[in-house]
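One-letter residues, chain by chain:
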Amino acid sequence: MDPVTAAALTFAAIAVPTGALGLSIVRRSRQCREKQALVIDRLEDCLTLATDWVWECDTEGRFTYFSQQIETILGMPVTTLIGKTRREIAGTPSSSATVQKIETAMADRKPFADITYSALLPDGTMRHMRISGKPLYGPDKTYIGYRGIGSDVTQQVTEREAAQSAEARLRIAIEGIPEGFALCSIAGIVTMRNRRLGKMVERAGGHIDREPTLRAILTSCAEEPQAIHDYLDAWYTRVAKPMEFRCRSGLIYVARTQISPDNSILLTLSDVSEQRRAQDAEKRLEEERRQAQKLEAIGTLAGGIAHEINTPIQYIGDNVRFVASLLPDLIRLAEEVKKSEDTRSLEEAWSAVSGIVGAMDLDFIAEEAPLALEQTLEGISSVSRIVLAMKEFSHPSLKDPVPFDLNRNIENTVTISRNEWKIVATVDLDLDTTMPPVIGLPGDLNQVFLNMVVNAAHAIEDARKPDLGVIRIQTRQADGVVTISIADSGCGIPEENLSKIFEPFFTTKDVGRGSGQGLAIAHDIVTRKHGGRIAVDSIPGEGTTFTITIPLDCSTLPQYQTQPETLSGDGAHGQTAQVSS
């Protein structure tokens, strides 16, 4: 039997993909011997077109036949390969143990299939080959060698090794991430994670199953698992909104999920417990500083408020004593009238009453007594107004915005600070009477207005102008924005100081007159707590205007939103997924 016919029969017998047609043709040739020549011709074409090669070797393992494809793969003519062993052609294979399996199978005259080995060729290139073979027997059943096929799988092996190398590098990179990390399928099944995630889950009081899912990991950690279920049950886009949750152990974690381009889910788990504690401590410190500044301002005003209350109290006391001095005569007069009803004649009664009345200055009493009572009522009203203003001004700080009367707050501020400005200025109020209730933090804004008014009074005093200064306060609202303007005719602010006035502890006042925190705190209250801004316009020697703008409704700001976190993203890619249990 010639090599081509033998190769065709072997090619059909081992049923490789490229020999499927050959197998069919061989079967036909067995049925129709008259078509054998055509079958052989077709098989020759198949062998020529196939990417695999056919080989034969003798009982000593020396090759006796190769199809032409071997020349393309090894880069050597077939004639130079005939008579050589596998090791002589390929040198020492890098996978010698695999080659040993081939040699052992051939020594035992057993078939073998799909054995892959790597070999360094004489030209220095590394080739990866997969071969199959079966024992070859002559017509008399005598063992004469092996026949088989081989294929070049260098590209597949290289790609697989590259993928394995990339995965190894990925694992190294993942282990270097300071956060917990997991790579999940689109169904939420964890396919890869770092050790850091396991430690974080353990510290959180959770656990990781043998076949973990994203849902199981997070819910095992969370103090409120339902929040995690809500988070994962929501549809989301490629970049989900981070979710912060409290763990069973009291730690605070932030989970971030993202869908990668290959539709894998990336989870990063961060421990923000220390950050939140630091933020809470910073907030407490800031609140203590603000409260201290508020108390300092109230302390500064205390003397003036006491004076403002003392003045009406003094004339209330004087008027009450005046009215009290009239009571003895009035009581005596009433008693004489009562006696005359029973025991005295009309002449005696009239004589007694006339004597008392004559001793009293009725014209003076008629003129002064009503005036004294009127002044007393005015004094009581003045004291009540000051006390009420102080009560409203000292409104405790709130965490969440509430509706309040902005104009009334400004009026109260002007009232309690009167002693600061009444000697050096007049206050001109231009308040928008159509102003609806503002939703914000009234106690904090009171502090802002007080700082501004006191600063304006000090600026006017420092200007040392011959006439009284003017402090103008104006409020306006339009398109959901409130504008408060506080202007003074004081000394102004030098241009080089304009960029520093909102810095903490910056002040140009004398020691004991200012701490340098007022405007810094005012800036924080307006910008951070109310989402507004403060603009300043000053002309040295002429005056300064502070313009405050805040939203009419500050409750819509992000820091006051208390809705549960949901998975909502930017929708940039429109890809959605749902994590299973």
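The structure reproduced in this document is the subject of the present report. (Residues numbered from 1 in each chain as written. Predicted model: local features only at pLDDT ≥ 70, side-chain atom pairs only at ≥ 80, totals over all residues. Heavy atoms only, no water.)

Under the 1.5 Å per step criterion, the end-to-end length of helix α16 (residues 442-463) is 31 Å for 22 residues, consistent within 8% with the ideal 32 Å. Among the 22 residues in α16, 18 count as buried, and that is most of the element. (Helix = DSSP H or I, 4+ residues; strand = E, 2+ residues; numbered from the N terminus. Expected span 1.5 Å × (residues − 1). Buried < 20%, exposed > 50% of the residue type's maximum accessible area, 1.4 Å probe, protein only.)

Here the focus is the sheet that holds strand β9 (residues 252-259). What links the strands of a sheet is backbone hydrogen bonding, and the strands pair in either a parallel or an antiparallel sense. Spatially, the five strands line up as an open sheet ordered β7-β6-β10-β9-β8, and their pairing is antiparallel. Of all the strands in the sheet, the pair left with one neighbour each is β7 (190-193) and β8 (243-246). This sheet shows a mean twist of 25 degrees between the axes of neighbouring strands, independent of strand direction. With three bridges connecting them, strand β6 (residues 180-184) and β7 associate as antiparallel partners. (Pairing = 2+ DSSP bridges. Axes fitted to C-alpha atoms, helices over the stretch in contact; angles between N-to-C directions.)

Let us now look at the packing of aromatic side chains. This model, assessed by the stated rule, comprises seven aromatic pairs. For the ring pair Phe245 and Tyr253, a centre distance of 6.3 Å and an interplane angle of 80 degrees mean the geometry is edge-to-face. For the pair Phe245 and Tyr253, one class covers both residues: buried. Within the aromatic cluster, the residues linked to one another by ring pairs are Trp55, Phe63, Phe66, Phe112, Tyr137, Tyr143 and Tyr146. A cation over a ring is seen here: Arg86 above Trp55, with NZ or CZ 5.3 Å from the ring centre. (Phe/Tyr/Trp six-rings, centres within 6.5 Å; stacked < 30°, edge-to-face > 60°. Lys NZ or Arg CZ within 6 Å of the ring centre and 35° of its normal.)

Another aspect to go through is the pattern of salt bridges. Taken as a whole and assessed by the stated rule, the structure comprises 11 salt bridges. With a closest N to O distance of 3.4 Å, Glu167 and Arg171 form a salt bridge. Taken together, the positions of Glu167 and Arg171, both in helix α7 (residues 154-175) and four residues apart, correspond to about one turn of that helix. A salt bridge links Asp444 to Lys529, with the shortest nitrogen-to-oxygen separation between them at 3.1 Å. Separated by 85 residues along the polypeptide, Asp444 in helix α16 and Lys529 in helix α17 (residues 518-529) bring together distant segments of the chain. (Salt bridge = Lys/Arg side-chain N within 4 Å of Asp/Glu carboxyl O.)

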